[in-house]
Amino acid sequence: MSKAFILFASLATASAAQSMTLEEAVAMTIDGNPQVSEQYAILQSTLRQKRAAAASFYPRVSVRAEVSEEESEKVRGENVDNNFSPEEYNLTISQLLFDGFRTSADVDRLDQEALADRYALLADADNLALDVAGAYLGVLREQSLVDLAEKNVVDHEAVVADIEGRLKKGWSSESDLAQANARLASSKSSLLSSRNNLMDEEAEFYTLVGVYPEGLINPMVDQSSLPANLGAVLDKARAQHPQIQSAIADMQAAQQEIRNRKADYYPEVYLDLSAHHDDEFDGLEGENQYGRITLRVEYDLYDGGRRKAQTESSA
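The residue numbers shown here count from 1 along each chain, following its written sequence. Whole-chain, interface and lining totals are the exception, using all residues; otherwise, since this is a predicted model, local features are given only for residues with pLDDT of at least 70 and side-chain atom pairs are given and counted only at 80 or more. The side-chain quantities take in all heavy atoms of the structure and omit both hydrogens and water.

Draft legend 1. Spatial organisation of the overall build of the chain. Runs of H or I in DSSP of at least four residues are treated as helices and runs of E of at least two as strands, each being numbered from the N terminus. Check the secondary structure of the chain and you find eight helices and six strands. Reading the secondary structure of the chain in the N-to-C direction produces α-α-α-β-β-β-β-α-α-α-α-β-β-α. Three labels apply to residues, based on accessible area from a 1.4 Å probe with only protein chains included: buried if under 20% of the type maximum, exposed if over 50%, partly exposed otherwise in between. Counting across all 315 residues of the chain, residues that qualify as buried make up 27%. The contact criterion used is simple: two residues touch if any of their non-hydrogen atoms lie within 4.5 Å. By sequence separation, contacts in the chain at least 24 residues apart represent 76% of the contacts at least 6 residues apart.

Have a look at this one:
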């Protein structure tokens, strides 16, 4: 790597460290904020739950194998071995055919919950961006006020020096000098107050962004992106505000939860396919193989009022 490249990289890094736009401050804050990261993790968790719920649409394949050593003292026939090693293997494929729309309702519910989580993530990011923008502009405002206060002190010091010179020549009075010194003291007090306010804003900025505010740049507003009037602002807020959209998605998820609970009023229908193989099973010599196709229906005739109570609870 050449020395020129290293020097250029060092200068670029130093320049980046000395200035920060509002967009950079917002991006840095959102990228490293733990609350935003937590909400993103919640969204990812809901998406995984949706995938888990959708697994019921697919068949379930299970395998069971048993190998053992057995010894029996009973003699049940000439072909019975008192010491034998039975083996048994089963392959089962089960497909859910109907579950009262429980799975589809569960998938739809989690889809709406994921949408609500996504809007909640956007809302957290928006609120955080608003806080950062307020702190960013607050630092710029207080910096300008400190500059004005410093200039005010310099101006009053010049006035005091001028009056002192005039007093020595007899062109001014002691009262004029006293008034000028009082105004100078007041300007210095205002300067201290402005510096204190600036430190408060800088502390707020550091708390949010995690870096000290240096080289902040006055942001330029894109006027074309602003709505034309207050009515347009309110209409846009109602249609696009992420917290409102999140609440709507939550209500739709609740509707799907009611569908999920009502699934208990329907039977569950399964199609099972199984294959079996055993050798020396129960001490009988020889192999045994068979296959089976089963249409299975399950329905609770009475559950103590659980279905009704859970449906009413969801509603």
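There is more to say after this.
Draft legend 2. Representation of the pattern of salt bridges in the model. Salt bridges, as used here, are contacts in which a Lys or Arg side-chain nitrogen is within 4 Å of a carboxyl oxygen on Asp or Glu. In total, this model carries 20 salt bridges according to the counting rule given. We note a salt bridge from Glu 88 to Arg 64, for which the minimum N-O separation is 3.8 Å. Of this pair, Glu 88 sits in strand 4 (residues 87-98) while Arg 64 sits in strand 1 (residues 60-67), and the two are 24 residues apart along the sequence. With a shortest N-O distance of 3.2 Å, Glu 150 and Arg 195 are connected by a salt bridge. Taken together, the positions of Glu 150 in helix 4 (residues 102-168) and Arg 195 in helix 5 (residues 174-209) put the pair 45 residues apart, joining distant regions of the chain. Each member of the salt-bridge network shares a partner with another, and the members are Arg 102, Asp 264, Asp 303, Arg 306 and Arg 307.

Draft legend 3. Expanded view of the packing of aromatic side chains. Here the aromatic set is Phe, Tyr and Trp, taking the six-membered ring for Trp, and pairing holds for ring centres within 6.5 Å; pairs whose planes are under 30 degrees apart are stacked, those over 60 apart are edge-to-face, and all others are tilted. Counted according to the given criterion, the structure contains four aromatic pairs. With a centroid separation of 6.0 Å and 90° between ring planes, the pair formed by Phe 98 and Tyr 266 is classed as edge-to-face. Placement of the pair is Phe 98 in strand 4 and Tyr 266 in the loop between helix 7 (242-262) and strand 5 (268-279), with a sequence separation of 168 residues. In this structure Phe 98 comes out as partly exposed when scored by relative accessible area, which is 27%. An aromatic cluster of at least three residues, connected via ring pairs, comprises Phe 98, Phe 101 and Tyr 266.

Draft legend 4. How the structure looks around helix 2 (residues 22-32). Among the residues of helix 2, those classed as buried are Leu 22, Ala 25, Val 26 and Thr 29. The buried side chains of helix 2 occupy one side of the element, clustering within an arc of 95° when seen end-on. Among the exposed residues of helix 2, those pointing more than 90 degrees away from its buried face are Glu 23, Asp 31 and Gly 32. Looking at the buried side of helix 2, the elements it contacts are helix 4 and helix 5. Arc, as used here, means the arc of the directions from the helix axis to the C-beta atoms.

Draft legend 5. Layout of unusual backbone geometry. Phi is positive for Phe 101, close to 65°, though the residue is something other than glycine. For Phe 101, the position within the fold is in the loop between strand 4 and helix 4.

Draft legend 6. The arrangement of the sheet that holds strand 5 in detail. Here, a strand pair is defined by DSSP locating no fewer than two bridges between the strands. Spatial strand order, 1-4-5-6: four strands in an open sheet with antiparallel pairing. Pairing within the sheet leaves two strands with one partner each, and these edge strands are strand 1 and strand 6 (287-298). Taking the axes of each pair of neighbouring strands and ignoring which way they run, one obtains an average angle of 15° across the sheet. Of the strand pairs in this sheet, strand 5 and strand 6 are connected by twelve bridges, and their pairing is antiparallel. Within strand 6, the position partnered with Glu 268 by the bridge is Glu 298. Each axis is a line fitted through C-alpha atoms, taken for helices only over the stretch in contact, and angles between the N-to-C directions span 0 to 180 degrees.

Draft legend 7. Spotlight on a nonpolar patch on the surface. Surface patches are defined over residues having more than 30% relative accessible area and no salt bridge, joining like charges when they lie within 9 Å and nonpolar side chains (Val, Leu, Ile, Met, Phe, Trp, Tyr) when within 5 Å. Per-residue and other accessible areas were derived by the Shrake-Rupley procedure at a 1.4 Å probe size, with only the shown protein chains allowed to occlude residues. On the surface, Val 61, Val 63, Leu 91, Ile 93, Leu 273 and Ile 293 cluster together to form a nonpolar patch covering roughly 550 Å² of accessible area. The set of elements that each furnish at least two residues to the nonpolar patch consists of strand 1 and strand 4. Relative to the helices and strands, Ile 293 resides in strand 6. For Ile 293, a relative accessible area of 68% puts it in the exposed group.

Draft legend 8. Geometry of the confidence of the model for the chain. Across the chain, the average pLDDT comes to 87, with 87% of residues at 70 or higher. Mean pLDDT across the secondary structure elements of the chain bottoms out at helix 1 (residues 3-18), with 43, and peaks at helix 3 (residues 34-54), with 95. Scored between 0 and 100, pLDDT is the confidence that the predictor attaches to each residue. Every residue in residues 1-17 is under pLDDT 50, and counting partners more than four places away or in other chains gives two contacts.

Draft legend 9. Structural detail: the environment of Arg 60. One can find Arg 60 in strand 1. The exposure class assigned to Arg 60 is exposed, which follows from its relative accessible area of 65%. Here the alpha-carbon distance between Arg 60 and Asp 272, two residues 212 residues apart in the chain, equals 9.4 Å. What Arg 60 contacts, discounting residues up to four positions off in sequence, is Thr 92, Ile 93 and Ser 94.

Draft legend 10. Seen up close, the pairing of strand 4. Where strand 1 lies against strand 4, eight bridges are found, and the strand directions are antiparallel. Bridge pairing links Arg 60 to Ser 94 in strand 4.

Draft legend 11. Just the packing of helix 2 against helix 5, in detail. Following both chains from N to C, one finds helix 2 and helix 5 inclined at 50°, their axes separated by 8 Å at the closest point. Between helix 2 and helix 5, the interaxial angle falls into the category oblique. Facing Ala 25, Met 28 and Thr 29 of helix 2, the residues of helix 5 in contact are Phe 205, Leu 208 and Val 209. Across the contact of helix 2 with helix 5, the residue classes tally to five nonpolar, one polar and no charged. If an angle is under 35 degrees, it is roughly parallel; if it is over 145, roughly antiparallel; if it lies from 65 to 115, roughly perpendicular; otherwise it is oblique. Nonpolar residues are Ala, Val, Leu, Ile, Met, Phe, Trp, Tyr, Cys and Pro. Charged residues are Asp, Glu, Lys and Arg, and all others, Gly as well, are polar.

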